[in-house]
Amino acid sequence: MTELSFQLYSARNYPNQAEFLGKLAELGYKQVEGFGGLYADAAGLAATLKQNGLTMPTGHFGLDQLQDTASALKIVETLGIKRIYCPFIMPDQRTADDSGWVKLAETLAGLGEIFTREGYGFGWHNHDFEFVPTTSGRLPMDIILETAPAIEWECDVAWVVRGKADPIAWFDRYGGRISAVHVKDIAPAGQNADEDGWADVGHGVLDWNNLIGKVQAKTKAQYFVAEHDKPSDELRFASRSIATASKWK
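Residues numbered from 1 in each chain as written. Predicted model: local features only at pLDDT ≥ 70, side-chain atom pairs only at ≥ 80, totals over all residues. Heavy atoms only, no water.

A few points about unusual backbone geometry
Its identity is not glycine, yet Asn192 carries a phi of approximately 55°, on the positive side. Assignment of secondary structure puts Asn192 in the loop between β8 (185–186) and β9 (198–199). Even without being glycine, Asp196 reaches a positive phi, approximately 55°. With respect to the helices, strands and loops of the structure, Asp196 is situated in the loop between β8 and β9. Residue classification places Asp196 among the partly exposed positions, given a relative accessible area of 42%. (Helix = DSSP H or I, 4+ residues; strand = E, 2+ residues; numbered from the N terminus. Buried < 20%, exposed > 50% of the residue type's maximum accessible area, 1.4 Å probe, protein only.)

With respect to the layout of surface pockets
The space that makes up the largest pocket amounts to roughly 380 Å³. Along its surface, the largest pocket is lined by 20 residues, and Tyr9, Pro87, Phe88, His127 and Glu227 are the ones closest to its centre. Residue composition of the lining of the largest pocket, by class: seven nonpolar, seven polar and six charged. Approximately 170 Å³ is the volume found for the second largest pocket. Looking at the second largest pocket, the residues that line it are Leu63, Asp64, Gln67, Ile89, Gln93, Thr95, Gly100, Lys103, Leu104 and Thr107. Of all elements in the fold, only α3 (63–67) and α5 (99–117) reach the threshold of two or more residues within the lining of the second largest pocket. Ranked by residues supplied to the lining of the second largest pocket, first place goes to α5 with four residues. Residue classes in the lining of the second largest pocket are distributed as three nonpolar, five polar and two charged. (1 Å grid on protein atoms, 1.4 Å probe; cavity = no way out; pocket = protein on both sides within 12 Å on 5 of 7 lines; lining within 4 Å. Points joined across faces, edges and corners; volume = space filled by probe spheres on them. Nonpolar A, V, L, I, M, F, W, Y, C, P; charged D, E, K, R; others polar.)

Function cannot be inferred from these measures alone, as they are strictly geometric.
Structure (structure tokens):
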């Protein structure tokens with residue numbers, strides 16, 4: 001079985017985070033992925049993870065958090081995070097031309113030098129907006145990876161598809177840079193509108209039983225992170241997704 005991690009952003013609205021971590025452990029999860037809103041009490045979170053037999057090998061950090069590098073390093077050390085991914089920039093930070101993307105990539109490259117020097121993996125996590133051409137015709141995803149050639153990529157496969165791109169073609173081009181993937185599914189057209197059109201893994205239109213083999217063959221991904229951006233039932237999503245992954249080699 002491919003070890004499935006769980007992006008805790010998927011359960012950000014669950015009323016009791018400690019209780020939810022216990023339920024993840026009961027379902028068979030061993031790993032989780034953190035996000036910026038969880039790190040205020042890193043020591044307390046680390047203790048809760050340990051109580052439930054969970055580790056947090058990967059974590060998302062916003063640009064502002066990353067630029068306070070001393071604090072970020074303390075958090076990753078406390079939580080045992082091995083790979084750090086910057087996950088997002090706001091719409092007003094996205095430029096129509098290449099300039100903003102080059103600037104972002106240069107910032108990421110500089111941060112990557114700091115964190116890799118300290119022994120951590122560092123990379124970018126995509127959404128769909130990186131696959132919208134700039135005025136030059138280049139794709140922001142290419143600009144980021146070409147301008148910051150040493151950083152890694154956590155490939156969110158479903159967002160690549162929503163960006164009208166072929167994930168396997170991107171695996172072929174940048175598989176050596178992909179150190180983690182987000183395992184996410186898309187509902188059939190017109191379904192799950194209350195969940196922004198996302199689906200539990202294995203219950204949407206993406207052929208994950210085939211895709212997981214492509215990921216394993218074409219990338220260097222070490223972490224496979226289940227995520228749903230807006231589940232109406234977090235435990236349903238967690239349960240059905242790990243059941244799907246249990247069938248993978």
